[in-house]
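Next come the chains, spelled out residue by residue.
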Amino acid sequence: MTAGSAVWSGRFLGVLDAAARAAALTLGVEQVLDAHTVIVWQDAPADEVVLLVTGWARSTSITPSGRIAILDIHHPGDILADRPGAPRAATVTAGSAARVRRIPHRDIAAFLTTYPGAGATFRQSLCAQRRATRRAWWTDPHVPVQNRVARLLLDQEQAFGQDPTHTGGIPLVQRDLAAMLGMSMSLVQTAVSGLRNAGYLEVVSRRIHLINLAGLHLLAEEPPPTQGLRCPLRAENCVVCGEGR
């Protein structure tokens, strides 16, 4: 099965030109995974890159206090990588049935040599600064809890909505929202209940449906500050820029 390019809109596969995209979809070994299958384990050596072709996945890590934190949600077209040989920063688990390609680092290096125009796309898709800035927008402690929940839901609505194969709604439960926001379940439950009672959203079959986007945008107050953001050359702590590419 080959997904249409619209599925990957704005993500690594979607931004590549047609020739580079076709080549990327032949790299490595393909796997078809069931929902809840672990794709990579936290702390395991990073000996390959994973290209998420269809489906979605979540990255989780164990905090020093023993809590599980959700670091990010990954969507079709995303590429997942850590520094070669370094311990994986997170466990990545399929949130739905998914198709992935497991690609050795040497094959990615050869691909970027053959398609040099793909390099900027590769760096941007893995930019730690962009991910951190986006996450900080959700978790800003100076913003009221309900507004933080609105920001996170709008971010995920946009991401899931870019996949035309997605069946609708945000397939995250309130426990997931709490883990992504670094907040207690009780605070998130209160915020979600308030938003539901005010007519901003509804929860059906463990999916969150946003029904007043304009109102949620007012609660969010400002868009995520990642538009046009780029890491400086050889930025520290960036999985790709830090390698000096």
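Figured I'd write up the structure that's included with this text. (Residues numbered from 1 in each chain as written. Predicted model: local features only at pLDDT ≥ 70, side-chain atom pairs only at ≥ 80, totals over all residues. Heavy atoms only, no water.)

**As for the nonpolar core**
Filter applied, for reference: We call a set of buried residues a nonpolar core when its members are Ala, Val, Leu, Ile, Met, Phe, Trp, Tyr or Cys and they connect through side-chain atoms within 4.5 Å of each other. Partly exposed residues are those whose accessible area sits between 20% and 50% of the maximum for their type, while under 20% is buried and over 50% is exposed, using a 1.4 Å probe and protein chains only. Put simply, DSSP marks the helices as runs of H or I at least four residues long and the strands as runs of E at least two long, and each gets a number from the N terminus on. Contacts are residue-level and defined by heavy atoms, with any inter-residue pair within 4.5 Å sufficient.
Among the nonpolar cores identified, the biggest contains 30 residues, and Leu153, Leu177, Leu195, Leu210 and Leu216 are the most heavily contacted of them. Residue assignment for this core shows that the elements contributing at least two residues are strand E5 (68-74), helix H5 (128-139), helix H6 (145-161), helix H7 (174-181), helix H8 (185-197), strand E10 (207-210) and helix H9 (213-220). If you tally residues by element for this core, the top one is H6, at six residues. Sequence-distant contacts of Leu210, that is, excluding residues within four places in its chain, are made with Leu153, Leu154, Glu157, Ile170, Tyr200, Leu201 and Leu216. Judged by nonpolar contacts, the second largest core, of 21 residues, contains Ala24, Leu51, Ile108 and Leu112.

**Considering the sheet that holds strand E4 (residues 57-62)**
For clarity, the threshold we go by: Pairing between strands is defined by DSSP: at least two bridges between them are needed. Here, axes are lines fitted to C-alpha atoms. For helices the fit covers the stretch in contact, and angles between N-to-C directions go from 0 to 180 degrees.
Spatially, the four strands line up as an open sheet ordered E2-E7-E4-E5, and their pairing is antiparallel. Among the strands making up the open sheet, the edge pair consists of strand E2 (38-40) and E5. Here the average twist between neighbouring strands, direction ignored, is 30 degrees. Of the strand pairs in this sheet, E4 and strand E7 (residues 91-94) are connected by four bridges, and their pairing is antiparallel. Each residue of the ladder has a partner; that of Thr60, found in E7, is Thr91. Contacting E4 and E5, H7 crosses the sheet at an angle of about 100 degrees to E5.

**So, the packing of aromatic side chains**
Here is the rule we go by: Pairing of aromatic side chains requires ring centres within 6.5 Å, counting the rings of Phe and Tyr and the six-membered ring of Trp. Pairs whose planes differ by under 30 degrees are stacked, by over 60 edge-to-face, and all others tilted.
Scanning the model with the defined rule gives three aromatic pairs in all. Centre to centre, the rings of Phe12 and Phe122 are 6.0 Å apart; their planes meet at 75 degrees, and the pair counts as edge-to-face. A residue pair is termed long-range when its members are at least 10 positions apart, and Phe12 in helix H1 (residues 12-15) and Phe122 in helix H4 (residues 118-125) qualify at 110 residues. What makes Phe12 buried here is its relative accessible area of 3%. With a relative accessible area of 6%, Phe122 lands in the buried category. Each ring, one from Phe111 and one from Tyr115, has its centre 5.3 Å from the other, and the planes form 40 degrees; the classification is tilted. Since its relative accessible area comes to 4%, Phe111 is described here as buried.

**Remarks on the pairing of E10**
What you see with E10 is a clean split: Ile208 and Leu210 sit on the buried side and Arg207 and His209 on the side with no burial. Pairing of strand E9 (residues 201-204) with E10 involves four bridges; the strand directions are antiparallel. In the sheet register, Val204 faces E10, and the bridge partner there is Arg207. Taking the residues between adjacent antiparallel strands as the criterion, E9 and E10 are bridged by two residues, where Ser205 takes a positive phi near 50 degrees.

**Remarks on the packing of H5 against H7**
Which entries qualify depends on this criterion: Here roughly perpendicular refers to angles of 65 to 115 degrees, roughly parallel to angles under 35, roughly antiparallel to angles over 145, and oblique to all remaining angles. Classes in brief: Ala, Val, Leu, Ile, Met, Phe, Trp, Tyr, Cys and Pro nonpolar; Asp, Glu, Lys and Arg charged; the others, Gly included, polar.
Orientation of H5 relative to H7, taken along the N-to-C sense of each, is 115 degrees, at an axis distance of 9 Å. For the element pair H5 / H7, the angle class is roughly perpendicular. Contact with H5, carried on its side by Arg135, Trp138 and Thr139, involves Ala179, Met180 and Leu181 of H7 and no other residues of that element. Looking at side-chain class alone, the contact of H5 with H7 contains four nonpolar, one polar and one charged residues.

**Some thoughts on the packing of helix H3 (residues 105-114) against H4**
Following both chains from N to C, one finds H3 and H4 inclined at 135 degrees, their axes separated by 8 Å at the closest point. Between H3 and H4, the interaxial angle falls into the category oblique. Across from Ile108, Phe111 and Leu112 in H3, the residues of H4 making contact are Ala118, Gly119 and Phe122.

**Observations regarding the pattern of salt bridges**
In plain terms, the rule: In the sections that follow, a salt bridge refers to a side-chain nitrogen of Lys or Arg positioned within 4 Å of a carboxyl oxygen of Asp or Glu.
Inspection of the entire model under this criterion finds ten salt bridges. Of the charged contacts in the structure, one is a salt bridge between Arg102 and Glu48, with a shortest N-O distance of 2.7 Å. Placement of Arg102 in strand E8 (residues 98-104) and of Glu48 in strand E3 (residues 48-54) is noted, with a sequence separation of 54 residues between them. With respect to burial, Arg102 and Glu48 carry one shared label: buried. Put simply, Arg134 and Asp72 hold a salt bridge, and the shortest N to O gap is 3.2 Å. A residue pair is termed long-range when its members are at least 10 positions apart, and Arg134 in helix H5 and Asp72 in strand E5 qualify at 62 residues.

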